[in-house]
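Chain by chain, the residues run as shown.
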Amino acid sequence: MPAMPSLKVDNARYLITVDPQRRILQGGSVLIDDGRIRQVGKAAELASARADRTIDARHMVVTPGFVNGHMHISYAHAVRGIFPDDVGSPLPIVFKLQMAMTEEEEHATTLLGLVELLKNGTVCFVDPGSTKYPDACLQAYEDAGIRVILGDGVTDADAPFPLPRYATAEAVSRTASFLKAWHGRLNGRLRAWAMPFSMETCTPELLKSLKRLADDHDTSLTLHHGSGAKARQETQQRLGSPSPTQYLESIGVLGRNVVLAHVLGLDDAEIDCMARTGATAAMCPVTAAKGARGVGEHGRLPQLLARGVKVALGCDSPNNSNHLDIVRALNMAAIQYKDARQDMKQIPAETAVELATLTGAQALGVGDQIGSLEVGKKADLVLFDTQRPEWQAMFNPISNLVYNADGRSIHTVIVDGRVVIDAYQQTFVDEPRLYSKVQEMGEKLLARTGVKPGLPRWPIV
Ligand SMILES: [Zn+2]
């Protein structure tokens, strides 16, 4: 393979580094070689630095690439928007559709998901056990150049909806084989995690075995985490523990490599458990708001951060959030707690940027490699085009990024030193053809599963 061309991002209008001093360099440049950041500084300091390709960034705001901590990419891209906005996301239908996906369909919906993620600046995402055919999708991850965290979604107990269910020993051996086969592939861009679906659908034996596997392979584990008063009551009745989080701690399934998904409705004792064990969280602010989950009453993001718990943001699924734009998700994280607490000091704009970059990367155990623009880190960058109305006028680039912009102004995306979105364009798939293919697949998927899509309340004539 020929060596990757070196790259210089030159003279950015603002370079938001998220480095330890949180410097914002006006007229900042970055030199990239062999997939890593070699120099960061003012344009004048890097004036003599030459690269195979130089990107003129004088009209750009440059940030670290964004991480997306909970992002199902499978069935929903083919049937996006089928659930009326007053019924949430009915899980039995979700998993019926998910389980009915064919290999070819999943490959196509994965490609579509990757196009949307990359165009909106996500450079690393966790697919929480949705992907059934990783072999078929591997080429898509390779071609797209994205970082992906995958796992074999497993359960070994009854669930109220169809999930991949195995005998405990089989679920363990499947996970062990998955970690062995996949972790570290694609030049380290692919990471494999243990992915039990949830505490309710997995026995304690399975959860404990999978945590041990994650430890042994020096990797992580994620699961959907029930929380709130009802989940606490159920845990008390079923397991004799005060809360789901305390239960997980009591069986040794919390730790620095455990990412709890959603975590709306934690109480103080549960936040203590997470802080004590170093467990992290992936929260989906748009899913929570759209699903009327009550962030005012249940959202504890500010308390988690105050206790030092690392939190990543996620876009969940195209039938939950329903977009894959992490810039819109960080905007929601910044505004929803202000409203919920009637306190404008909650989740400042800078904190929202951290959640989608360094803090999020730390939550996923990759904060030493990505999440900030620092010498030695992997070269994952997003360049926002400020030659657009929503970026005018600019005095505070953080404020403009969080409150004015969205993913549509993302001009260039670099992952591992490679330009994967170049002047708004990707080169790994024919988009119009893919769109019509996925639409057709969605229609067929609905027909063969007998699922009726929700239509507008207005007549289509
Ligand atoms: Zn999920």
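Before reading on, note that the structure itself is shown above.
This write-up is about the structure you can find in this document. Fair warning: this is a prediction, and the values are worked out from it, not measured in the lab.

## Things to note about the sheet that holds strand β7 (residues 122-126)
Two modes of strand pairing occur in sheets, parallel and antiparallel, and in both the strands are linked by backbone hydrogen bonds. Within the open sheet, the 4 strands sit side by side as β6-β7-β8-β10. Their pairing is parallel. Looking at strand neighbours, the two that pair on one side only are β6 (66-68) and β10 (190-192), the edges of this open sheet. Across the sheet, the mean angle from the axis of one strand to that of its neighbour is 15°, orientation sign disregarded. Two elements, β7 and strand β8 (residues 147-150), share 3 bridges in a ladder whose sense is parallel. Each bridged residue has a counterpart across the sheet, and for C124 the counterpart in β8 is R147.

## Notes on the coordination of the zinc ion
The zinc ion binds to the protein through H70 (NE2), H72 (NE2) and H224 (NE2), with metal-donor distances spanning 1.9 to 2.0 Å. In primary-sequence terms, the residues that donate to the zinc ion follow H-x1-H-x151-H. No difference in accessibility class separates H70 from H72, as the two residues are buried.

## Things to note about the nonpolar core
Core analysis: the biggest nonpolar cluster contains 132 residues, and L114, L118, Y141, L248, M283, L304 and F384 have the highest contact counts within it. If we skip the residues at most four places from it in the chain, L118 touches A144, I146, V413, V415, V420, I421 and F428. L25, V40, M60 and L383 belong to the second largest nonpolar core, which has 18 residues in total.

## What to know about the packing of aromatic side chains
Under the definition given, this model contains 6 aromatic pairs. Each ring, one from F95 and one from F161, has its centre 4.8 Å from the other, and the planes form 15°; the classification is stacked. Of the two residues, F95 sits in helix α1 (residues 91-100) while F161 sits in the loop between β9 (153-154) and α4 (168-182), which places them 66 residues apart along the sequence. A residue is classified by how much of its surface remains accessible, and F95, at 11% relative accessible area, is buried. Residue F161 is classed as buried on the basis of its relative accessible area, which comes to 13%. For the ring pair F178 and W182, a centre distance of 5.7 Å and an interplane angle of 25° mean the geometry is stacked.

Rules of the game
Residues numbered from 1 in each chain as written. Predicted model: local features only at pLDDT ≥ 70, side-chain atom pairs only at ≥ 80, totals over all residues. Heavy atoms only, no water. Pairing = 2+ DSSP bridges. Helix = DSSP H or I, 4+ residues; strand = E, 2+ residues; numbered from the N terminus. Axes fitted to C-alpha atoms, helices over the stretch in contact; angles between N-to-C directions. Donors = N, O, S within 2.8 Å, 3.2 Å for Na, K, Ca; no water. Buried < 20%, exposed > 50% of the residue type's maximum accessible area, 1.4 Å probe, protein only. Core = buried A, V, L, I, M, F, W, Y, C linked by side-chain atoms within 4.5 Å. Contact = heavy atoms within 4.5 Å. Phe/Tyr/Trp six-rings, centres within 6.5 Å; stacked < 30°, edge-to-face > 60°.

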